[in-house]
Amino acid sequence: MDNKKILFSGVQPSGSFNIAGYIGAISQWVKMQEKYRCVFSIVDYHAITVKQDPQTLRQQIKEMVKIYLAAGIDPNKSIIFQQSSVSAHTELAWILNCCGARMADLNKMTQFKDKVGANQESASVGLFDYPVLMAADILLYSTDLVPVGEDQKQHVELARDIAKRINNQFGDLFVVPQAVIKEEGARIMSLLNPDNKMSKSDPNQNNSIALLDNIDLAKKKIMKAVTDSGTEIVYDKEEKPAIANLLTIYAQLGNREIPRLVKDYKGKGYGDFKKDLAEVVAKFLNDFQDKYNKISEKEVENVLREGARRAEKIAKSKLDEIKKAIGVK
Ligand code: AQP
């Protein structure tokens, strides 16, 4: 076994995956797989924490595999697997629920509060407990690094706390993982309301651009994106959050530096800027969808079968170690 660090991350197959998740998470995975041993999951048990249509969910799981592959995740280098096919995840989540996680931890989670709003009483218990399942996902693979968007930072912190508590009580069982968050692009905002993050589950699809969006539709969404008062293209997250967000998307999908873009657009208006950005997005989507459309169902099946086999081996051996340590085996 080499001594490369281990990296774990995942995406929920819930809704149409958008450029925010691509920029915040997947784009950094692709670069990191050269340097680390990587495990990437399609976290379907997280997706069912909110209502899903079974037929659509099945479809979205396959879609996510194709998205991983089209983005450049190489199944010969990295493990790609469906979370529910490795039962150690839910088994460990139960153990962590009992032995490591506390009510006070989960009561602090801002993503739960943001998602349920005033409807806390009708939210599923799974949605409340989601961060513990995420801790299990991470800790099973002795993960060193967890590359995620900024919204997941608090959940990785919880995984760290749980790992430390269990290590204190039962001996050194877990590696304490670290979140890896990009300096730019870790929080892409919604196109029509730059105070909110761009999110798959947003009911207004004009707020986001899905990787599989029709290209003309995506261009229209950019042209309709809100801008700030004034006319200048400057990067100022506080005063000009909408333009700062569009500059970030431009830089990330067009492989450009923000300061350089600001220089290039000096003296030009929002209209010119958005027209060019629409072209950058269109080119990115075109290239991406070309690759996506070449991936066959057979390839998806093979990747998932082989990924589950490899993930299961690592996860089962870790779970056995934990079961022995806590006294159930
Ligand atoms: N707006 C964002 N900017 C940057 N990164 C983001 N991520 C999500 N939104 C942004 C990152 O993408 C990965 C995918 O996360 P996920 O699908 O498991 O769920 P999420 O974080 O809950 O993302 P969504 O879009 O808000 O999904 P829904 O609406 O289904 O809950 C993660 O690494 C995330 O940080």
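Residues numbered from 1 in each chain as written. Predicted model: local features only at pLDDT ≥ 70, side-chain atom pairs only at ≥ 80, totals over all residues. Heavy atoms only, no water.

**A look at the overall build of the protein**
Looking only at helices and strands, the protein has 13 helices and five strands in total. Against the 2.2 N^0.38 benchmark of 20 Å for 329 residues, the protein shows a C-alpha radius of gyration of 21 Å, consistent with a compact globule. C-alpha extents for the protein along the principal axes are approximately 70 × 45 × 40 Å. Considering the protein as a whole, with its 329 residues, one finds that 50% of them fall into the buried category. Of all intrachain contacts in the protein linking residues separated by at least 6 positions in sequence, the fraction that spans at least 24 positions is 76%. Carbon together with sulfur atoms contributes 48% to the accessible area of the protein, which is approximately 16,100 Å² in total. (Helix = DSSP H or I, 4+ residues; strand = E, 2+ residues; numbered from the N terminus. Rg over C-alpha atoms; globule rule 2.2 N^0.38 Å. Buried < 20%, exposed > 50% of the residue type's maximum accessible area, 1.4 Å probe, protein only. Contact = heavy atoms within 4.5 Å. Areas by Shrake-Rupley, 256 points an atom, 1.4 Å probe, with all protein chains shown as cover.)

**As for the domain arrangement of the protein**
Domain annotation for the protein reports domain 1 (6–181 + 297–326) and domain 2 (205–292). Computed over C-alpha atoms, the centres of domain 1 and domain 2 are 30 Å apart. Opposite the 11 residues of domain 1 that make contact, domain 2 presents 12 residues. Here domain 1 packs against domain 2, burying approximately 1,200 Å² in sum over the two surfaces, 79% of which is carbon and sulfur. Counting across the interface, domain 1 meets domain 2 through zero salt bridges. Run the count over domain 1 and domain 2 and you get two residue pairs in polar contact (both at pLDDT 80 or more). Within the residue set of the side of domain 1 that touches domain 2, elements represented by two or more residues are helix H1 (19–32) and helix H3 (54–71). Ranked by residues supplied to the side of domain 1 that touches domain 2, first place goes to H3 with five residues. (Domains from an automatic or database assignment. Buried area = accessible area lost by both parts, 1.4 Å probe. Salt bridge = Lys/Arg side-chain N within 4 Å of Asp/Glu carboxyl O. Polar contact = N/O pair within 3.5 Å; in protein donor to acceptor, adjacent residues only side chain to side chain.)

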